[in-house]
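Breakdown of the fold
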Amino acid sequence: LRVERAALGPNHSDVILTLQYTAQVHQQRGELKDALQCYNEVLRIQKRNILGLDENDNVICKETAAKSLVSNSSNAKNSNNRSNGNDPAPMARTLNSIANVHLQNGNTQSVVDIMSRAARILRSVGRSEDELRLSGFHLYGFAVLHPEGAPCA
C-alpha cells in the first residue's frame, strides 16, 4: 500500500482497491476496527475523487464538484450512462461495506443510518437500493425497524 501510494498517488483507484481488499481481510478475521479504518479511508478518497469534497464535506475542487453535479443530474435522467468517473455509486457500495462491519459488531443504529445514506446516494443517480446487501442475521428486524432499507434486507 505504501509503495502504491508513493508510485501512483494517494487517491489512485489502485490504492482504493488495495484498501478495499485489506478491509475485507480484516473483516473476515474479525478485526473490525481495522476494517472500518480501511473502509473509511476508501470513502474519504472516493469523496475527494468523485465529489471534490474533503472529509468534512467542504468543496476542495470546485471543478470536480461542478462536474459531479452535472453528471449526476444527467445520470438520474439516463441511468445507463455510468462510465464517467463521477458516479457516486461506489461510495454507496463502500457505505454498504461499512454497514456490514457495524452489523457484524452489533451496532444496529449505525447500520440503519449508513444504509439510509447509501440508499439516498443510489436513488439520487436513478439507481435502485436493491444493489445494497446486508450480510448476517437479524435482517427481518432491520426491515421492520427501517422500512426504507427493507429492499436491501
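Residues numbered from 1 in each chain as written. Predicted model: local features only at pLDDT ≥ 70, side-chain atom pairs only at ≥ 80, totals over all residues. Heavy atoms only, no water.

**Topic: the side chain of Gln46**
By the element assignment, Gln46 lies in helix H3 (residues 32-51). At a separation of 2.8 Å, a polar atom in the side chain of Gln46 contacts the side chain of Thr94. In contact with Gln46, other than residues within four places in its own chain, are Ile16, Gln20, Leu51, Pro90, Met91 and Thr94. (Helix = DSSP H or I, 4+ residues; strand = E, 2+ residues; numbered from the N terminus. Polar contact = N/O pair within 3.5 Å; in protein donor to acceptor, adjacent residues only side chain to side chain. Contact = heavy atoms within 4.5 Å.)

**Description of the confidence of the model for the protein**
Chain-level pLDDT for the protein is 77 on average; 67% of the residues reach the 70-or-more range. Segment residues 69-84 is flagged for pLDDT under 50; beyond a separation of four residues in sequence, or across chains, it makes 18 contacts in the model. (pLDDT = per-residue confidence, 0-100.)

**Considerations on the packing of H3 against helix H5 (residues 89-105)**
Following both chains from N to C, one finds H3 and H5 inclined at 165°, their axes separated by 9 Å at the closest point. When the axes of H3 and H5 are compared, the pair comes out roughly antiparallel. You can see that H3 and H5 cross each other, and the crossing is left-handed. Across the interface between the two elements, Leu32, Ala35, Leu36, Tyr39, Asn40, Val42, Leu43, Gln46, Lys47, Ile50 and Leu51 of H3 pack against Pro90, Met91, Thr94, Leu95, Ser97, Ile98, Val101, His102, Gln104 and Asn105 of H5. Here the residues of the contact of H3 with H5 sort into 13 nonpolar, seven polar and one charged. (Axes fitted to C-alpha atoms, helices over the stretch in contact; angles between N-to-C directions. Parallel < 35°, antiparallel > 145°, perpendicular 65-115°, else oblique. Left-handed = near helix turned anticlockwise from the far one by under 90°. Nonpolar A, V, L, I, M, F, W, Y, C, P; charged D, E, K, R; others polar.)

**Focus: H5**
For H5, spanning 17 residues, the distance from its first C-alpha to its last is 25 Å, which sits close to the expected 24 Å at 1.5 Å a residue. The element H5 is largely enclosed, with a buried count of 12 among its 17 residues. Taken together, the buried positions of H5 are occupied by Ala89, Met91, Ala92, Thr94, Leu95, Asn96, Ile98, Ala99, Asn100, Val101, His102 and Leu103. Tucked inside the fold, the buried residues of H5 contact helix H2 (13-28), H3 and helix H6 (108-124). Just downstream of H5, Gly106 is the residue with a positive phi angle, here 85°. (Expected span 1.5 Å × (residues − 1). Buried < 20%, exposed > 50% of the residue type's maximum accessible area, 1.4 Å probe, protein only.)

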